Amino acid sequence: MAVEAARGSGRETYTYAVPEGLDVVPGHRVTVPFGRRSTYGFVVSLGTEDPGVEVKPIATAGSEPLLLPHQVALARMVADHYWLPLIECLRAMLPPRVRATGSSGSQASSRQRRHSRLVELATGPASAAPRLELTDEQNAALDLIGANQVTLLHGVIASGKTEVYLAAAERALADGLRVLLLVPDISLTPQLVQRVRARLDAPVAILHSQLTELERAQQWWRTRRGEARVVLGSRSAVFAPIPRLGLICLDEEGSAAYKQDRTPRYEAGWVARRLASVTGARLVAGSATPSVVTYHDATQGEMALATLTRRVRGRDAEVDLIDMRDEAAAGNRQPLSSWLVEAITLALGNQEQVILYLNRRGMATFVLCRDCGKSVQCLGCSVALVQHAEIDGLICHYCGYSRAMPSVCDHCGSRNIRGMGMGTQRLEGMVKKLWPQARVLRLDSDAARGPDSYFEIWETFSERRADILVGTQLVARGLDLPAVTCVGVVDADLPLHFPDYRSAENTFSLVVQVAGRAGRDGRSSRVVVQTSNPEHYALRCAASNDYEGFYAAELPSRKAFSFPPFADLAVLTRTDADDARAAASAREAAEALAAGLLKEGIEGIRVMGPAPAFIHRLRGEYRWQVTLKGDGLERARHLAPRGKGWSYDVDPVM
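In this report, the structure presented in the accompanying data block is examined. (Residues numbered from 1 in each chain as written. Predicted model: local features only at pLDDT ≥ 70, side-chain atom pairs only at ≥ 80, totals over all residues. Heavy atoms only, no water.)

1. Some words on the nonpolar core
Okay, so step 1: One finds Val78, Leu180, Val196, Val230, Ile248, Leu572 and Leu628 to be the most contacted residues of the largest nonpolar core, which totals 153 residues.
Okay, so step 2: At eight residues, the largest contribution of residues to this core is made by helix α6 (residues 161-174).
Okay, so step 3: If we skip the residues at most four places from it in the chain, Ile248 touches Leu180, Leu182, Ala272, Leu275, Ala276, Ala281, Arg282, Leu283 and Val284.
Okay, so step 4: Residues Leu356, Val440, Cys486 and Val490 belong to the second largest nonpolar core, which totals 22 residues. (Core = buried A, V, L, I, M, F, W, Y, C linked by side-chain atoms within 4.5 Å. Buried < 20%, exposed > 50% of the residue type's maximum accessible area, 1.4 Å probe, protein only. Helix = DSSP H or I, 4+ residues; strand = E, 2+ residues; numbered from the N terminus. Contact = heavy atoms within 4.5 Å.)

What follows is the structure, encoded as structure tokens:
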């Protein structure tokens, strides 16, 4: 039994007796006594052997198991790999209302007054769309998917990967099986829902975090009861209770959005591969820019590799790498190069649409005193505050702390204080001034806070009721908008400066993906990539859409420094309100880990650190990290420090 009240105890399971007349199986949600109180838990196994100690009986059990047998097995795999308590993995498989009550959302609600637009789109009437004739490459990919349990579908932008997913889904549905379609970002979902509803004659369920809690419970129950034959959702949908699962499609494999950044910290792609193994379902992971690790697995024969080398429609946009150092030398100190301004003006003159990508929210990156050089910092996090127009002040993007824009420097009293850098909000304002007749939209996590905000912004732009879309990485993937003929990447260097071994991979991927939003219907298109480092191989390969060239350039450094795919990583973080105490605790843990590995003869694992986390202070607490690097890191799990203040992140996304 995995027990809710024991989440922080460090103990995985407890033994309880099953009373006469009570029928339970693994996956059942039950109520049990725990200490002096009552709590709920989940049955994870049954046995007939006498435990040798007195055990308390289960108090009550639901009428049916909430979790399917394969989900219990999957939860164990996830718990083992990510060093998590089993109860955390089981909790992740249930919407909050179902987890709390065991039944919420299972029946129609008379008090429900509204439905999210996505749910209405998924459950409302749909007009059938004719099936497109597949190309020879697409048919070959479809046959390879049918012959292998796990397949990487590596296809250039607009090569028809979604058509391959839908054709594979049709085959699975014809065999009486069900289909799971995963996307990294909610912004991609409306377009995909439309295509799925038009092509697949099957009920669809939507699962993602932007739904109301009642809607999540309702969609979950539709899935659990087998009423939905196709489930479409973001990363958490990988834990959906899908009976007779036959096909898993992981769209845009390698996206950082598939990594959960809070407990339980899992990566949906890794979980999807284990889900395929425990259910026997086929998995197809598709992307124009797959992760280096996944592509390496495919080249080593650990999964099948299907390739789509030709676009099925449209044509590649012309990509220009603009050296912003030359722009500065020519006297242009503005964030938009003369090349990009010219390209936008031309597109607007032709009544075409423009996407501008900048992966920073807000008005300014930071507010700086020009005399003493100090920036305005968050009181509880070691990060600079970001200027936001909607509050006429500054906000911390990590803890939510806000304050008014200072008139003088907090450190030296100087009045020479101003916003530096640029975020999407400031870029939006600049674009409106440069092209006052243009209709401008912004898509970032600030602009899309409401339950239907993503849908409404996408709908407005797709219906050509706006001319320019300014956004963060939410605009970079999946959007299929034929009128977009100009794309600008305002600061392509930003990911390169991030302290992450994947910085080059992230740069290459984002530039290729956002460039792929142009040229979808064959019109002459242009992509302008602004950079101060045009010689970098990630940008050169992105400009020529050369994935193999990037992979060949990236792999040697990964091997030389023992980064994935040549080693695994785990980051152990100690958090404390006192910096010295956090540092001392992390140092003791690193020494104990190193000594334990040596004593037990465990080879092939390095202990690095301790070191302060990239964001050293977060929400008022200091963070120090110990990193493990090597093979078979699960061999060191029993040596990891435990107790309050410690958290683990296996396969971290930094």
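There is more to say, and it comes next.
2. Quick look at the sheet that holds strand β23 (residues 568-576)
Okay, so step 1: One open sheet holds the four strands; their spatial order is β24-β25-β23-β26, and the pairing between them is antiparallel. With partners counted over all chains shown, the strands left at the sheet margins are β24 (605-618) and β26 (646-650), one partner each. Within this sheet the neighbouring strands show an average axis-to-axis angle of 20°, counted without direction.
Okay, so step 2: Direction of pairing for β23 relative to strand β25 (residues 621-630): antiparallel, over a ladder of nine bridges. Paired with Asp568 across the strands is Gly630, a residue of β25. (Pairing = 2+ DSSP bridges. Axes fitted to C-alpha atoms, helices over the stretch in contact; angles between N-to-C directions.)

3. Notes on the pattern of salt bridges
Okay, so step 1: Applying the stated rule across the entire model yields 25 salt bridges.
Okay, so step 2: For Arg637, the salt bridge is made with Asp80, and the minimal N-O distance between the two is 4.0 Å. Residue Arg637 is found in the loop between β25 and β26, and its partner Asp80 is found in helix α1 (residues 69-81); the two are separated by 557 residues along the sequence.
Okay, so step 3: Salt-bridge contacts for Asp576 lead to Arg581; the nearest nitrogen and oxygen are separated by 2.8 Å.
Okay, so step 4: We classify Asp576 as buried; its relative accessible area is 9%.
Okay, so step 5: Linked by salt bridges that have partners in common, Glu163, Glu170, Arg195 and Arg199 make up one network. (Salt bridge = Lys/Arg side-chain N within 4 Å of Asp/Glu carboxyl O.)

4. Structural notes on unusual backbone geometry
Okay, so step 1: In this model, Thr263 is joined to Pro264 through a cis peptide bond whose omega is -5°.
Okay, so step 2: Note on placement: Pro264 falls in the loop between β9 (245-251) and α9 (268-279).
Okay, so step 3: The linkage connecting Pro564 with the following residue, Pro565, adopts the cis geometry, with an omega of 15°.
Okay, so step 4: Here Pro565 shows up in the loop between α17 (547-560) and β23.

5. Looking at the layout of surface pockets
Where empty space is left becomes clear once a probe the size of a water molecule has been rolled over the atoms.
Okay, so step 1: Looking at the second largest pocket, its volume works out to about 1100 Å³.
Okay, so step 2: Lining the second largest pocket are 45 residues; nearest its centre among them are Glu267, Trp270, Val293, Asp568 and Asp651.
Okay, so step 3: Of all the elements in the fold, those that place two or more residues in the lining of the second largest pocket are α1, β5 (150-155), α9, β10 (282-287), α10 (292-299), α15 (503-515) and β23.
Okay, so step 4: For the lining of the second largest pocket, the residue count by class is 20 nonpolar, ten polar and 15 charged. (1 Å grid on protein atoms, 1.4 Å probe; cavity = no way out; pocket = protein on both sides within 12 Å on 5 of 7 lines; lining within 4 Å. Points joined across faces, edges and corners; volume = space filled by probe spheres on them. Nonpolar A, V, L, I, M, F, W, Y, C, P; charged D, E, K, R; others polar.)

6. What to know about the packing of α1 against α9
Okay, so step 1: It is at 10 Å that the axes of α1 and α9 come closest, and there the two elements cross at 140°. Considered as vectors, α1 and α9 are oriented oblique to each other. Considering how the two elements wind past one another, α1 and α9 form a crossing that is right-handed. Across from His70, Ala73, Leu74, Met77, Val78 and His81 in α1, the residues of α9 making contact are Trp270, Val271, Arg274, Leu275, Ser277, Val278 and Thr279.
Okay, so step 2: Among the residues making up the contact of α1 with α9, the classes are represented as eight nonpolar, four polar and one charged. (Parallel < 35°, antiparallel > 145°, perpendicular 65-115°, else oblique. Left-handed = near helix turned anticlockwise from the far one by under 90°.)

Function cannot be read off these values alone, since they describe shape.
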